[in-house]
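Understanding the architecture of this molecule
If you want the building blocks of each chain, they are given just below.
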Amino acid sequence: MAGAASALFLLDIKGRVLVWRDYRGDVSAVQAERFFTKLIEKDGDPESQNPVVYDNGVTYMFIQHNNVYLMIASRQNCNASSLLLFLHRVVDVFKHYFEELEEESLRDNFVVVYELLDEMMDFGYPQYTEAKILSEFIKTDAYRMEVTQRPPMAVTNAVSWRSEGIRYKKNEVFLDVVESVNILVNSNGQIIRSDVVGALKMRTYLSGMPECKLGLNDRVLLEAQGRSTKGKAIDLDDIKFHQCVRLARFENDRTISFIPPDGSFDLMTYRLSTQVKPLIWVEAQVERHSRSRIELMVKARSQFKERSTATNVEIELPVPSDATNPNIRTSMGSASYAPENDALLWKIKSFPGGKEYMLRAEFSLPSITAEEATPEKKAPIRVKFEIPYFTVSGIQVRYLKIIEKSGYQALPWVRYITMAGEYELRLI
Amino acid sequence: MSGHDSKYFSTTKKGEIPELKDELNSQYKDKKKDAVKKVIAAMTVGKDVSSLFTDVVNCMQTENLELKKLVYLYLINYAKSQPDLAILAVNTFVKDSQDPNPLIRALAVRTMGCIRVDKITEYLCDPLQRCLKDDDPYVRKTAAICVAKLYDINAELVEDRGFLDTLKDLISDNNPMVVANAVAALAEIQESSSRPIFEVTSHTLSKLLTALNECTEWGQVFILDALSKYKAADAREAENIVERVTPRLQHANCAVVLSAVKMILQQMELIISTDVVRNLCKKMAPPLVTLLSAEPEIQYVALRNINLIVQKRPTILAHEIKVFFCKYNDPIYVKMEKLEIMIKLASDRNIDQVLLEFKEYATEVDVDFVRKAVRAIGRCAIKLERAAERCISVLLELIKIKVNYVVQEAIIVIKDIFRRYPNTYESIIATLCESLDTLDEPEAKASMIWIIGEYAERIDNADELLESFLESFPEEPPLVQLQLLTATVKLFLKKPTEGPQQMIQVVLNNATVETDNPDLRDRAYIYWRLLSTDPEAAKDVVLAEKPVISDDSNQLDSSLLDELLANIATLASVYHKPPDAFVTRAKSAVQRPEEEEYPDGSETGYSETPSHATDAVPSASGSASAAPTRQVPVSPPPAAAPVPDLLGDLIGLDGALVPVEEPMTPSRPPLPVLLPASTGQGLQISAQLVRRDGQIFYSMLFENNSQVPLDGFMIQFNKNTFGLAPSSPLQVPQLLPGSSAMALLPMAMFQHVFSGPPSTLLQVAIKNNQQPVWYFNDKLSLHIFFTEDGKMERANFLETWKSLPDSNEISKDFPTHVIKSMDATIEHLAASNVFFIAKRRNMNQEVLYLSAKGPRGIPFLIEITAVVGTPGVKCAVKTPNPEMVPLFFEGVDALLK
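The rules behind the values
- Residues numbered from 1 in each chain as written.
- Chains lettered and ligands numbered in written order.
- Predicted model: local features only at pLDDT ≥ 70, side-chain atom pairs only at ≥ 80, totals over all residues.
- Helix = DSSP H or I, 4+ residues; strand = E, 2+ residues; numbered from the N terminus.
- Buried ≥ 20, exposed ≤ 12 C-beta atoms within 10 Å, placed from the backbone.
- Contact = placed C-beta atoms within 7 Å.
- pLDDT = per-residue confidence, 0-100.
- Axes fitted to C-alpha atoms, helices over the stretch in contact; angles between N-to-C directions.
- Parallel < 35°, antiparallel > 145°, perpendicular 65-115°, else oblique.
- Left-handed = near helix turned anticlockwise from the far one by under 90°.
- Nonpolar A, V, L, I, M, F, W, Y, C, P; charged D, E, K, R; others polar.
- Pairing = 2+ DSSP bridges.
- UniProt positions renumbered as here; feature names shortened; annotations may be inferred.
- Core = buried A, V, L, I, M, F, W, Y, C linked by C-beta atoms within 7 Å.

What to know about the overall build of chain B
Along chain B, the regular secondary structure elements total 38 helices and 13 strands. Within the span of chain B, comprising 897 residues, buried residues form 47% of the whole. In chain B, the proportion of contacts linking residues at least 24 apart, taken out of those at least 6 apart, comes to 67%.

This is the structure in structure tokens:
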């Protein structure tokens, strides 16, 4: 099962090589370029869009970011998930270095790009992708003055994500609990899929090597400790932890203990597949009056408690691509026609719980239609919103203990917010 | 932190190289560094700056780490083209490998390992030895990988210098990153070696499982992948392993999760307790579902793997079908895979919901996705008997939308549903007939015609319907013509009235006299004969009951499935093909850059149309999407005809009409089947290497048992010991369903020679425009290569025999072979260019001396000893190239049989 990458290519939007690093000398740039330019020429063919393609003994795996393709070529039976994920991490590292990864930033920094490619992967095996630590010993021009005497300990340490000797005057931790609600409602108004994906996003400004321990109102943990769990405890379906969390310990006694990286990172993500009532419900009636006029009547209802308020609500309503002359009225917020997306965008800044708002819109349609009617693109209604100080799951951070040998006090700040993820309601 | 390196790209004047040369030799450090950057910039855009080699290498001795890295990078690129100059760098490399700064030590070893120049490699050994025992883990982890690099260049050197043992020691290193890299290196070395080098024992297992907790996410993947090969001794050990691996399912890195799933599934095979297994299945479901929130490319890999996992253990995700419902913004490749899994998970319990989804998809805009959704409905109907009726009503609703391609696709699947449930749903035929005139795709047309023919007795105006097609008969594609022919015959047999009688005249006339299509003509003649000799027999044949088709949405056979599951997360699991189908053997795959510039278009190969090959090759979703429909034999196979006197004629006809390049004498044994029709989606290929008039040919027989005409055949051979490759393109005419064709492909030797030890393996890839690429293995029999001028004079024979050292004489016994008559054997061998020299008797034994001349003029002097009529033949051979002897004996083995 051993297998590794032969080479890593950074290509422009037309598939031409910008920078590449040859790891094994068995795939040439000419060969890869020739193949890839052909591949992106013929889009439309569904199989040519697969991110893993085979040609002439070589497998190519690629992702796209802005106007750059990142591609790995291999002649072996390599680990596809690991290498594709690695490409995404390469994007993260480049973004950390150059703010944005695009053709220009690669050209402007090709020396560092080569250095990074040399450090992140060796002989086709992913090695190290912690941007923060990498930037301690691979530096861009402005910071090159001092001579690096050795790689940071972190590179090979068990704690590979944090360097020693970090100092802050004020030790603080910010913890944001962000829940995204994904929902799919079919044209009969039935909820066919709903889940909540939560993330504990942390920003740490802590000195030294702090030991952290996080307590949640996790039912399994509370029950194990023999505490009462009436009403407050929650069940999390699948939890994923940042690599700093000791997984074996969690498996044993559900304790979340870790030495955090410096700065911001996702400590954990979780998923809840219990059915939730859609927080914002949208009903749309579309009426085609004669051939030349279409009328939309839309009702949006907030289905959460009155004490919470959704902010920045955006409801994207699909309209026929040949609609013109919009005439729109709303009972709240503002609506604008976005012909580039074939949509009507209804924005409501503040939407308190238990309220209902209306929108009416009328469009003209061309009276002549093509004879062979191709099916209309059936986009769903999509909704975006944020509800601060509220979580669907009811998750609570019970404590976040921070212990460092110097004994400083650090204060954790916790915020909760719920937002719409992939929130789709299919039209009739 | 943005740079301004783009300025280095801008100097593209004519005098660039001399200018750079000056700057490289400048005494000012900054100017020097800028010059090297310009060189690297030029290299990046593909300019050849190898002529600056000496000047760049002169910059290597520097305190400046950045400059050093750039020079190293240059060396990696150009050392190969300047091997003699590369030696200049060795001193600095060796010095750097002892630098006080571990970054530089590691850099030196890492770079040296990337330079594939023998002279450099020799000097690598000592620094590598030191670095493997370096105090700094960063250096050790780099050195560990370097051993794998060196093994790739010169395996012997690695073994001689004892690097393997040092590497194995690193498994017990106290640094987890070093351990992980050592495991990766050892696993790779093991892959390309036939000897056991790295075998996980229970001791290393426990050590590695401990390291798992501490190493980087990538290191965890190396370790899990290496450990997944470990076979636990018993159920208890398996349970212990699983217990230590399950925490990995909580890792944020999807690759770690998938590798952990692989390992758990492997160990589960051994676990007997159903409770434990059930519990594990329960534990694996949520992480698998979560993979679907990853980046779309990762989702794709995950979905291809989940496809395998649900085939093996359907219960894991039985209740999770909803998570595979397509989102509006999913990329098409994700949607296609989700659909495939939805079909697999569809059950009586969830079919209503699934059908609603399929119906929704069938009204989307992406045509391929829509078609697949319609087919999915058909596959569910075939799979779930109780849901068939609901599936049909959804299909009928879709037909009513009157979107052309939806209607056509629906009719194709309805035909399959009729095959699966005969005499059940014919009431809908009237609705189908309404859309008759909108059909313009051959497959849909053919399906509709099949339906009309099959149910002619229930369709009042069947004759009118068929007649409407008959007018355009000559213009129809072969698939439709064949169906029309059969359907008309069916109609006639069912309703032998005047109308059909006239129609059959027209059709038979069109299909015999007016056509050039041998397939159609064959079938028409058979029908004609059948109808004129014995109409009752014709009924038995044409209206025979058809075998019921079944759903094949779990199409992988269990041994392949197990192999793929052992390869979860790897490319094999993405392609659903075993690794050797796309990896050209671990070792030989490593081609050096200069060989690797493909011999473009020198043969039939895909190199001219690489993009074309792509969508076919391991055909990620291609094979999976080949719905059950394709296997439906629409007309009864003629071979089953119970009319014996026809058969003789049939074969005669066959021979006359099928394009045959080489007259097939019936006495010649049939060619061995290399690609059975069952694996080739109906395409069967038999082939053998033959020698005719001093020239080697690949004699091939293609038989198309599928339902679609196949054309555009191309062939390619992998590198092989004798570099055998086609000397002209493969010419196979379009193969209509049910027909066959012979081809004699002239071969040339020493085209792409595989440089490894001699082997008889000949890997062949064949593709056509309709199917994925087929791979199969053939054998190179050495006797094919014996040349006609291999006969030696007696004196010459004796002299050569004496001149070769005795160590070159190798003998082998063939205990089961019998020589019945010496003369017949001599004659038989002479036919294969093994020439008789002399014969003598020793006691009751006969001793034959023969000679042959192999490829590249290698002589073989042969002594065969046997007792006539008694089993047991001894064969001794002397040749200057003893490494060929094993192949020679394989050839002899075949010849004496």
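Some details on the confidence of the model for chain B
Residues and elements named next belong to chain B. Here chain B averages 83 in pLDDT, while 89% of its residues score no lower than 70. Below a pLDDT of 50 lies the segment residues 586–667, which in the model reaches 158 contacts outside its immediate sequence neighbourhood of four places, other chains included. Of the two predicted TM-score estimates for the complex, the pTM is 0.76 and the ipTM is 0.92.

Looking at the interface of chain A and chain B
Listed by partner, the interface residues are 97 residues for chain A and 112 residues for chain B. When residues in the side of chain A that touches chain B are grouped by element, the largest group, eight residues, is from helix α2 (residues 80–98) of chain A.

Topic: the packing of helix α25 (residues 462–470) of chain B against helix α26 (residues 478–494) of chain B
Residue and element names in this part refer to chain B. It is at 11 Å that the axes of α25 and α26 come closest, and there the two elements cross at 150 degrees. Viewed along their axes, α25 and α26 adopt a mutual orientation that is roughly antiparallel. Between α25 and α26 lies a crossing of left-handed hand. Residues A462, D463, L466, F469 and L470 of α25 form the contact with α26, whose participating residues are L484, A487, T488 and L491.

Notes on unusual backbone geometry
When glycine is set aside, most residues are seen to have a negative phi, and most peptide bonds are trans. Residue and element names in this part refer to chain A. Of note, N325 is a non-glycine position whose phi angle comes to about 45 degrees, a positive value. Tracing the sequence through the fold places N325 in strand β17 (residues 324–330). The class for N325 is exposed, based on 10 C-beta atoms found within 10 Å.

A closer look at the packing of helix α5 (residues 83–96) of chain B against helix α7 (residues 118–132) of chain B
Residue and element names in this part refer to chain B. The geometry of α5 relative to α7 is characterised by a closest axis approach of 9 Å and an angle of 10 degrees between their N-to-C directions. Between α5 and α7, the angle is such that the two are roughly parallel. Here the hand of the crossing between α5 and α7 comes out right-handed. Packed against α5, whose contacting residues are P83, A86, I87, V90 and V94, the element α7 presents K119, I120, Y123 and P127 at the interface. By residue class, the composition of the contact of α5 with α7 is eight nonpolar, no polar and one charged.

Focus: the sheet that holds strand β11 (residues 845–853) of chain B
Residue and element names in this part refer to chain B. A sheet is described by the order of its strands in space; here five strands give the open sequence β9-β13-β12-β11-β10, paired in antiparallel fashion. A single partner strand is all that each edge strand has here, and the edge strands are β9 (809–818) and β10 (835–842). Between one strand axis and the next, the sheet turns through 20 degrees on average, direction left out of account. Here eight bridges tie β11 to strand β12 (residues 859–866), and the two strands are oriented antiparallel to one another. Bridging from a neighbouring strand, V847 pairs with T865 of β12. In the packing of helix α37 (residues 822–831) onto the sheet, the strands contacted are β10 and β11, and the crossing angle to β10 comes to about 155 degrees.

Here's the deal with the UniProt feature "domain: Beta-adaptin appendage C-terminal subdomain" (unreviewed entry) in chain B
Per the UniProt record, the feature "domain: Beta-adaptin appendage C-terminal subdomain" (unreviewed entry) sits at residues 786–897 of chain B. End-to-end, the C-alpha atoms of residues 786–897 of chain B are 18 Å apart, and along that stretch the chain is 29% helix and 38% strand.

Description of the sheet that holds strand β12 (residues 256–258) of chain A
All names here are of chain A. Pairing is antiparallel across the open sheet formed by three strands, whose spatial order is β12-β10-β22. Each edge of the open sheet is held by one strand with a lone partner, namely β12 and β22 (397–403). Pairs of neighbouring strands in the sheet enclose a mean axial angle of 15 degrees, with direction left out of account. Relative to β12, strand β10 (residues 211–216) is paired through three bridges, and the arrangement is antiparallel. In the sheet register, C212 faces β12, and the bridge partner there is F258.

Description of the nonpolar core
Grouped together as the largest cluster of nonpolar side chains are 386 residues, with contacts concentrated most on M71 of chain A together with V39, V183 and I377 of chain B. Leave out the neighbours within four places in its chain, and M71 of chain A touches F9, L11, F36, Y60, M61 and F62 of chain A.

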